[in-house]
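Summary of the model geometry
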Amino acid sequence: MEHTVSASIGSTQPKKKKKIDFKRLWPLYLMMTPGILYLIINNYLPMAGIFIAFKQINFSKGFFKSDWVGFKNFEFLFATNDVYIITRNTILYNLFFLVVGTILALACAILLNEIRNIIAMRFYQAVIALPNLISWVIISYLVFAFLGAETGFVNNSILPALGIDDWIMWYMEPKYWPFILSMVHFWKSVGFSSIIYFATIVGIDQSYYEAARLDGATRWQQITRITIPIMMPIIIMLTLLSIGRIFYTDFGLFYQVTNNSGALFNTTATIDTYVFNGLLGIGDIGMSTAAGVYQSVVGFILIILFNYLVRVIDKDQALF
Amino acid sequence: MKNENRGWSIAAHISMILYTVMVIIPFILLISASLTDQKAIYANGFSFWPSKFSMAAYEYILSADSGILRAYGVSFFVTVVGTALSLIITALLAYPLSRSIMPHRTFWMFIIVFTMLFHGGMVPSYLVWTQLIHIKNTIWALIIPGFLMNGFNVLLMRTFFRNTIPGELIESAEMDGASEFRILRSIVVPLSTPVLATIGLMQSILYWNDWQNGKIYITKPELFSVQNLLNRIMEDIQFLKTNMPAGSAAAMANLPSESARMAIAVIGVLPILLAYPFFQKYLVKGIMIGAIKG
């Protein structure tokens, strides 16, 4: 549409040299001002603020007047075992969530598509998407209702039923948490992410299935030979885009659901929680800031890399 | 063939019913806990049906000194004002970038996309908002940092404006002497309700559910949102448990009871549960608009 308009204008008046017509454009620039100002303050100034990772942060001197220490904060950070733990946890959780989450969401979408009763299908879809809208604080309460030591449902009802008499101090035992966090993550996100896959399945041309049925294909064959191959491009795109974000975690899951319990550090600390705890004064601010820069830089490289891969495969799906 | 399809359909129904039950069960435990008598909770723990029914938790919440009604007010204010401001600032940036007469569009788009790729991180953001802007302990701290506008929403809205609003319509309005602000207000916005509803919905949920800004920027209890109040209560309990293992009864007595805490969580999630049936269909549409970005 736009092309026809510009073409008709182009034909009536000869193309002038490109010069910004402020008389006509100033209202548009005025409109953009708040948004651009916001991006400068909220996004670009903090990017510039990365320099504080090279300072010895001293609260009494103030952040801007603190002394320069070069790469000291990074040296301290990488000398600890912490950086290994938080990197390992961040990457392993993300990979596990990505692989299993995709399979579950896909399975969920395929099953939804098998339901012919529209009302039932809509109802299921609505209910399973709901957890994604619940805040992490509320979810931490839901989890606490199950796992709280003295009053939790598991310690009071499930363990006795299984013949286990001792309470488990869930928030003190790191070994259970990879399982608990995965359960909570899938509970929150699978239904919601299945919606995208479901919409793609609904859009598949029915004639493929009709032809397959005429050839005597079973339902299972139709799913594995038609549905999944057709879904493959979108699965690959979403997967690559998620891998690009592998250095960033769903912060609320690791911070709120664990009640930020220090005893669980080994299996639940991620780069985000490490930085946040440093900021709030529970950890070392210098090392946290360095960890934040480490996250920004590696994260940026990964995003660019994987977006480039997406671009090679399908230009329209790429972020830029 | 018929039988095979029926088999699949039954299997699908069973799986989905199981899934639905798994989604609902935690909420039932929460609601039941909020309606259980405090002593019964200590005796039997939380259960799916109140062993001894009590409304004490809700009476506590409705009493003025719990601070919960105030937190509720803060949450509502932040959600409504935040969403409105968010839509305005996003539309004001997206509209000029959707106009073909706008020069240097590639440059401006790069400025926006780059914010989606590289982040300064939490500590520098904190410094900018507290040392330069002095936003700490104001209601704006819950609205502005991080959430007010994001590149993704700007791109979403710009694409919508470009693809659905006929260029001729804007051109002819310009011929008639309408100002750009007038065009945005009287032509573009009325024709863009789907994208405005989608982004408005996402922003409302974001604001209602946020606890991070409150945690970072708010230390005054009177500015706590519901989420921050809940977060603070949970933290106080953890703190008392780890630091005063014995004889903490006196300190614990000042905190809301177990059932009252669960009741606060119930009313914290209630607005979302009540509004959900009405906005659910927009949500699905919104995900699709988001997935098929231009």
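Please refer to the structure placed before this passage.
This section reports on the structure supplied with the text.

What counts and how
Residues numbered from 1 in each chain as written. Chains lettered and ligands numbered in written order. Predicted model: local features only at pLDDT ≥ 70, side-chain atom pairs only at ≥ 80, totals over all residues. Heavy atoms only, no water. Helix = DSSP H or I, 4+ residues; strand = E, 2+ residues; numbered from the N terminus. Rg over C-alpha atoms; globule rule 2.2 N^0.38 Å. Buried < 20%, exposed > 50% of the residue type's maximum accessible area, 1.4 Å probe, protein only. Contact = heavy atoms within 4.5 Å. Areas by Shrake-Rupley, 256 points an atom, 1.4 Å probe, with all protein chains shown as cover. Lys, Arg positive; Asp, Glu negative; His and termini not counted. Charge placed at Lys NZ, Arg CZ, Asp CG, Glu CD. Axes fitted to C-alpha atoms, helices over the stretch in contact; angles between N-to-C directions. Parallel < 35°, antiparallel > 145°, perpendicular 65-115°, else oblique. Left-handed = near helix turned anticlockwise from the far one by under 90°. Buried area = accessible area lost by both parts, 1.4 Å probe. Salt bridge = Lys/Arg side-chain N within 4 Å of Asp/Glu carboxyl O. Polar contact = N/O pair within 3.5 Å; in protein donor to acceptor, adjacent residues only side chain to side chain. Nonpolar A, V, L, I, M, F, W, Y, C, P; charged D, E, K, R; others polar. 1 Å grid on protein atoms, 1.4 Å probe; cavity = no way out; pocket = protein on both sides within 12 Å on 5 of 7 lines; lining within 4 Å. Points joined across faces, edges and corners; volume = space filled by probe spheres on them.

Structural notes on the overall build of chain B
Tallying secondary structure elements over chain B gives 14 helices and zero strands in all. The globule rule puts the C-alpha radius of gyration for 294 residues at 19 Å, and the 25 Å found for chain B is more than 25% above it. When the backbone C-alpha atoms are referred to their principal axes, chain B occupies close to 75 × 70 × 35 Å. Split into buried and exposed, the 294 residues of chain B put 54% on the buried side. A fraction of 71% describes how many contacts in chain B between residues 6 or more apart in sequence connect residues 24 or more apart. Split by element, the accessible area of chain B, about 13400 Å² in all, is 68% carbon and sulfur. Within chain B, one finds 20 positive and 14 negative side-chain charges whose respective centroids are separated by 4 Å.

Here's the deal with the packing of helix 6 (residues 136–147) of chain A against helix 8 (residues 177–202) of chain A
All names here are of chain A. The N-to-C vectors of helix 6 and helix 8 enclose an angle of 130°; their axes lie 12 Å apart at closest approach. The angle between the axes of helix 6 and helix 8 places the two elements in the oblique class. Crossing of helix 6 against helix 8: the hand is right-handed. In contact with Trp 136, Ile 139, Leu 142, Val 143 and Leu 147 of helix 6, helix 8 contributes Trp 177, Ile 180, Val 184, Trp 187 and Lys 188.

A closer look at the interface of chain A and chain B
Taken together, the 101 residues of chain A in the interface contact 109 residues of chain B. Around 9700 Å² of area is buried between chain A and chain B when both sides are counted, 77% of it from carbon and sulfur atoms. Considering only the surface of chain A that becomes buried against chain B, Met 31, Tyr 38 and Tyr 141 of chain A emerge as the three largest contributors, covering 9% of it. At the surface where chain A touches chain B, the tally comes to one salt bridge. A salt bridge links Glu 174 of chain B to Arg 24 of chain A, with the nearest nitrogen and oxygen atoms 3.1 Å apart. For the interface between chain A and chain B, the tally reads 18 residue pairs in polar contact (both at pLDDT 80 or more). No other element matches the 20 residues that helix 2 (residues 22–48) of chain A contributes to the side of chain A that touches chain B. In terms of residue class, the side of chain A that touches chain B is built from 73 nonpolar, 19 polar and nine charged.

Comments concerning empty space enclosed by the protein
One pass over the full model with this rule turns up three cavities of 30 Å³ or more. Counted as a void, the largest cavity has a volume near 60 Å³. Around the largest cavity sit Ser 75, Val 78, Leu 142, Tyr 207, Trp 208, Asp 210, Ser 225 and Gln 227 of chain B, which together line it. Mapped onto the lining of the largest cavity, the elements with two or more residues apiece are helix 4 (68–98) and helix 10 (193–209) of chain B. Volume-wise, the second largest cavity comes out at about 50 Å³. In terms of lining, the second largest cavity is formed by Ile 110, Asn 113, Glu 114, Ile 201, Tyr 209, Arg 219, Gln 222, Ile 223 and Thr 227 of chain A. Of all the secondary structure elements, the ones that give two or more residues to the lining of the second largest cavity are helix 4 (82–113) and helix 10 (219–244) of chain A. For the lining of the second largest cavity, the element with the highest residue contribution is helix 10 of chain A, accounting for four residues. Residues of the lining of the second largest cavity, tallied by class, amount to four nonpolar, three polar and two charged.

Brief notes about the side chain of Asn 89 of chain A
Residues and elements named next belong to chain A. One can find Asn 89 in helix 4. Taking the relative accessible area as the measure of exposure, Asn 89 reaches 5% and is therefore buried. Within the structure, Asn 89 has its side chain in polar contact with the side chain of Arg 88 (distance 3.2 Å). Within the structure, the side chain of Asn 89 is placed 3.1 Å from the backbone oxygen of Asn 266, a separation counted as a polar contact. What Asn 89 contacts, discounting residues up to four positions off in sequence, is Phe 265, Asn 266, Thr 267, Thr 268, Ala 269 and Thr 270.

Purely spatial values, then, with no claim about function.
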